[in-house]
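Observations on the three-dimensional arrangement
Read off the chains here:
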Amino acid sequence: MWKAALLTLGLLAVLVDRVRTNDGHPSFYGVKLCGREFIRAVIFTCGGSRWRRGIEDPALIGEEAYDPWNTNAIPQLNGEQDPAESQQAWRDQTLKAASVGFSRSSRSPISEEVLEALRSADRKGRDVVVGLMEWQPDEQGLQQVLQLLKDSQSPDTATQRAVQEKLEQLNQFPDFNNYLIFVLTSLKSEDEPTRSLSGLILKNNVKAHYQNFPPNVAEFIKRECLNNIGDPSPLIRATIGILITTIASKGELQTWPELLPQLCNLLNSDDYNTCEGSFGALQKICEDSSELLDSDALNRPLNIMIPKFLQFFKHCSPKIRSHAIACVNQFIIGRAEALMDNIDTFIESLFALAGDEDSEVRKNVCRALVMLLEVRIDRLIPHMHSIIQYMLQRTQDPDENVALEACEFWLTLAEQPICKEALSGHLVQLTPILVNGMKYSEIDIILLKGDVEEDEAVPDSEQDIKPRFHKSRKCSAAALDVLANVFREELLPHLLPLLKGLLFHPDWVIKESGILVLGAIAEGCMQGMVPYLPELIPHLIQCLCDKKALVRSIACWTLSRYAHWVVSQPPDSHLKPLMTELLKRILDGNKRVQEAACSAFATLEEEACTELVPYLSFILDTLVFAFGKYQHKNLLILYDAIGTLADSVGHHLNQEEYIQKLMPPLIAKWNELKDEDKDLFPLLECLSSVATALQSGFLPYCEPVYQRCVTLVQKTLAQAMMYSQQPDQYEAPDKDFMIVALDLLSGLAEGLGGHVDTLVSRSNIMTLLFQCMQDTMPEVRQSSFALLGDLTKACFPHVKPCIAEFMPILGTNLNPEFISVCNNATWAIGEICMQMGVEMQPYIAMVLSQLVEIINRPNTPKTLLENTAITIGRLGYVCPQEVAPVLPQFIRPWCTSLRNIRDNEEKDSAFRGICMMIGVNPGGVVQDFIFFCDAVASWVSPKDDLRDMFYKILHGFKEQVGEENWQQFSEQFPPLLKERLAACYGV
């Protein structure tokens, strides 16, 4: 009998009694019942899970006689009606449980009989009472659902896993969602974490399965939400608000027309909880659906909502005031028409709240002003002096969140044209405020374990690997950085007096903040700081030995910001001492210092390049020793430092002594990592740089590295194929594995040159490359075209048979919307045409018009312009007859793009091409001949035969127009150009 009574979680049988319809006629719902089914039906009619007749609340189904969008004046509540926020612990506990997911319980908290009852109910006429009856739970089933919810809060992994499995089973039965909403809204005797957890599980179900909810279940949930939006518990109100927003986000704003009018009318309630709960829900809807609310699809409800929200800026409850500002703030960046129509009222209302006692209100006021600075600065300019004074106060607000929002104001103002004019008179106040904000707080030091000097032997936790944010300090430093870029040396009179006191202060916390200040202004104030650097750099190098780890780490960063100046000085004065101390810090006992030193050294490598060659042995000894010393996170940064070193010194690394130091630990890591380990990414990138630098020195290691890269590409493509065919059964692959493998293959091809031929001939890389070039992910195509270009240079006989298939794909990817893809495709075409020669002729039409369009496109990045110009020149070099007719369409931007690049082989081939095209179509260059002259003059030392080509064109043009016309023409030349052409070419 007990088992039969466990009929839970939904309608478990059919009605065997008669119910009357609205017109009074009897209606029978009958099936033949016997045995177990009969027992279930009897239990059901005796008070089990059932729907019963209910009278709908007219206030909640939109049948009111009054206007649902009535914007009555709001009632003023006294302060006592704002309940204390006493539920924080519960909220934290519940939200934590929700964030983990309701995943993981030892034994099944709900019996198999219950599941069987659900299945039985699911097969019967569950919808006999659609919309007419009010659902009530079965008591015993309810208790088991509650037990499931309590078990889901268990820290035990096995318990959590069992709960997750049971939830997945129960979610097959939509009636389960009735229990969840019942626990959330009606079971007020239950503890709040359990009720809220029930709501959050329901929210997840709505997110995943709402389209499968029967209409009666969906309507029941929506009605219960609106009925209980004013729950006495802030935690439950917030959970209901989240649930309402989630339902709305599933397209229900259009099909739940009463939602917004009812929430807005509930704002007028005399009950604080109802008003606050409705505002909380509205705020979440505004956050999630701001564009939809400002569209015609909903008949522009903002026209009523914005004025309504503005009324509540004067409400006596700070929580309500805060909600009102937060709601309006959602529509600033999108310039919602309803807000723009009320913009002056909005700004006046913000000013009225400037001195509000509540920190959340002040935070939202600051946020609003920051956004208005971006979109409606015209309305703020008349009040700018007062706004700046207000933000100076708020940047020092005792509440860190308010100070952080206020600090964003300076970052945003720095991007506005009026910044210099508006802020000049306030720098004397602002500078010390920002500098003061750059000190570590006591809580920062505790969280950073500032007193722990040696932790290198402690394995990294997940927390160590995640980025760290010390928000206020970081924001202050960023603000000072951008202002230094605006004001340059004008900032220094306000800053230098402060800096001297900070940098030499006995308190390490203050000294550390001074070093941060010095680093923050490095880019903007470099010229003004140069006179002080001979004294400051040795002081900073000395700080690398400070007893405090946080001082040592910030000194590494600041020194890296001045690396360009250090490298410009004689090596013995600063570079050698800095390099020596940074290498010591790379082996520091503190992980934070190791990280900062490794990153700083990578920056120094980029600046110093071949200046480091004399010290390579010492540098490699240090970096290789770090392999055995570093924990997981810093190992990834070490790979970057090694890769950057290889990029910076290039072929100088290709010496047996260096190879024997560097390669064994790298290959050991390579062998240690599995194919699916994401630590492969930085290691592959590092090896790509090393292979390119070592050239033939990488040969002993190339075969296993090459084969593994091909395997990674092949595996990823196979996974992508399976996923595209059966997305329900297979996961989408992580294509980053394929991208870094393609990049390493590029490095091998570039470094090994012709030696890669054997490896390519033994693999199916060309087939794989054909697939990669057509991948939907731009980054995959970008790396594919880079590899294609490198293979073209290294082993063209393997590429040539595929050209007919490859060229149309390359032409399709000449789309500057994807800059890097377009750039690499353009470069690859240029390399192919140099190998193809006259055989390129059939493919010219596939690519030429796109290239001409790109070179004439405004705001095209410099690198893409240069590559496009070189490729057009190379096409003209191999097929001048085909390209010369369109010479007038590109000659001017072609010349301006290539005038500033250094002499090299690519520039040489491009200029030979332009000369050959001028030979075919001399008239094509006449209108822009001055640009050609300028481009020719940009050459420092062209090869003799290229110099002859320039000479013939210049003198041919001079002879064609005559001496007198040439004199008039050359009078337009800038003096330097005239002088250079006369000296080099005698014209």
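Please read all numbers here as calculations on a predicted model, not as lab measurements. (Residues numbered from 1 in each chain as written. Predicted model: local features only at pLDDT ≥ 70, side-chain atom pairs only at ≥ 80, totals over all residues. Heavy atoms only, no water.)

A separate point is the overall build of the protein chain. Counting secondary structure elements, the protein chain contains 54 helices and four strands. For the protein chain, the residues scored as buried account for 56% of the 987 residues in total. For the protein chain, the accessible surface area stands at approximately 43,300 Å², while carbon and sulfur atoms represent 52% of it. (Helix = DSSP H or I, 4+ residues; strand = E, 2+ residues; numbered from the N terminus. Buried < 20%, exposed > 50% of the residue type's maximum accessible area, 1.4 Å probe, protein only. Areas by Shrake-Rupley, 256 points an atom, 1.4 Å probe, with all protein chains shown as cover.)

Looking now at the packing of aromatic side chains. All chains considered together, the criterion is met by 23 aromatic pairs. Each ring, one from F957 and one from W966, has its centre 6.2 Å from the other, and the planes form 70 degrees; the classification is edge-to-face. Judged by relative accessible area, which is 2%, W966 ranks as buried. In textbook terms, an aromatic cluster arises when at least three aromatic residues are bridged by ring pairs, as seen for W894, F911, F929, F932, W939, F950, F957, W966, F969, F973 and Y985. The ring centre of F818 lies 5.6 Å from the NZ or CZ of R781, which sits over that ring. (Phe/Tyr/Trp six-rings, centres within 6.5 Å; stacked < 30°, edge-to-face > 60°. Lys NZ or Arg CZ within 6 Å of the ring centre and 35° of its normal.)

To continue, consider the nonpolar core. In terms of nonpolar packing, the biggest core is built from 316 residues, with F346, W410, I521, F698, M840, F890 and W894 touching the most fellow members. At 11 residues, the largest contribution of residues to this core is made by helix α40 (residues 736-752). Other than its neighbours up to four places away in sequence, W410 contacts I388, M391, L392, T395, L423, L430, L434, A479 and V482. (Core = buried A, V, L, I, M, F, W, Y, C linked by side-chain atoms within 4.5 Å. Contact = heavy atoms within 4.5 Å.)

Moving on to the confidence of the model for the protein chain. When pLDDT is averaged along the protein chain, the result is 84; 84% of the residues meet or exceed 70. Taken as a whole, residues 1-132 scores under 50 in pLDDT and shows 261 contacts with residues more than four places along the chain or in a different chain. With pLDDT under 50 throughout, residues 465-469 is counted as low confidence; its partners more than four residues away or in other chains account for nine contacts. (pLDDT = per-residue confidence, 0-100.)

A cluster of acidic residues, E606, E607, D640, D647 and E685, forms a negative patch on the protein surface. Elements that contribute at least two residues to the negative patch include exactly α34 (591-608) and α36 (632-649). The topology assignment puts D647 in helix α36. (Patch = residues over 30% accessible without salt bridge, like charges linked within 9 Å, V, L, I, M, F, W, Y side chains within 5 Å. Salt bridge = Lys/Arg side-chain N within 4 Å of Asp/Glu carboxyl O. Lys, Arg positive; Asp, Glu negative; His and termini not counted. Charge placed at Lys NZ, Arg CZ, Asp CG, Glu CD.)

Take the environment of I333 next. Considering the arrangement of structural elements, one finds I333 in the loop between α15 (318-329) and α16 (337-341). For I333 and V375, which are 42 residues apart along the polypeptide, the C-alpha to C-alpha distance reads 6.4 Å. In this structure I333 touches M371, E374 and V375, once residues within four positions along its chain are discounted.

Right, let's talk about the side chain of Q594 for a bit. Along the chain, Q594 falls in helix α34. A polar atom in the side chain of Q594 sits 2.8 Å from the backbone oxygen of D588. (Polar contact = N/O pair within 3.5 Å; in protein donor to acceptor, adjacent residues only side chain to side chain.)

This brings us to the pattern of salt bridges. A side chain of one charge can pair with a side chain of the opposite charge when the charged atoms of the two come close. For the structure on display, the rule yields 45 salt bridges. Between K907 and D903 there is a salt bridge, with its nearest N and O atoms 3.8 Å apart. For K907, a relative accessible area of 0% corresponds to the buried category. Taking the shortest distance from any N to any O, the salt bridge between E905 and K943 comes out at 3.1 Å. Note that E905 is positioned in helix α50 (residues 905-920) and K943 in the loop between α51 (929-937) and α52 (944-961), a separation of 38 residues in sequence. Residue classification places K943 among the partly exposed residues on the basis of a relative accessible area of 40%. Residues joined by salt bridges that share partners form a network here, namely R552, E581, K584, R585 and D588.

Where α51 contacts helix α54 (residues 975-985), the axes come no closer than 10 Å and their chain directions differ by 65 degrees. By the angle between their directions, the pair α51 and α54 is classed as roughly perpendicular. Considering the relative orientation of α51 and α54, their crossing is left-handed. Residue-level inspection shows C933, D934, V936 and A937 of α51 in contact with α54, the latter providing L977, R980, L981 and Y985. Residue composition of the contact of α51 with α54, grouped by class: six nonpolar, no polar and two charged. (Axes fitted to C-alpha atoms, helices over the stretch in contact; angles between N-to-C directions. Parallel < 35°, antiparallel > 145°, perpendicular 65-115°, else oblique. Left-handed = near helix turned anticlockwise from the far one by under 90°. Nonpolar A, V, L, I, M, F, W, Y, C, P; charged D, E, K, R; others polar.)

Here α50 spans 23 Å end to end across 16 residues, near enough to the 22 Å set by a 1.5 Å rise per residue. Looking only at α50, the buried set comprises K907, D908, S909, A910, F911, R912, G913, I914, C915, M917 and I918. Contacts from the buried residues of α50 go to α45 (819-836), α47 (862-878), α48 (880-883), α49 (887-898), α51 and α52. A side-chain oxygen of the first residue of α50 lies 3.2 Å from the backbone nitrogen of E906; this N-cap is N904. (Expected span 1.5 Å × (residues − 1).)

Time to look at the environment of G650. Along the chain, the position of G650 falls in the loop between α36 and α37 (656-672). For the pair G650 and Q695, spaced 45 residues apart in the sequence, the C-alpha separation amounts to 9.1 Å. Setting aside its immediate chain neighbours within four residues, G650 contacts L645 and A693.

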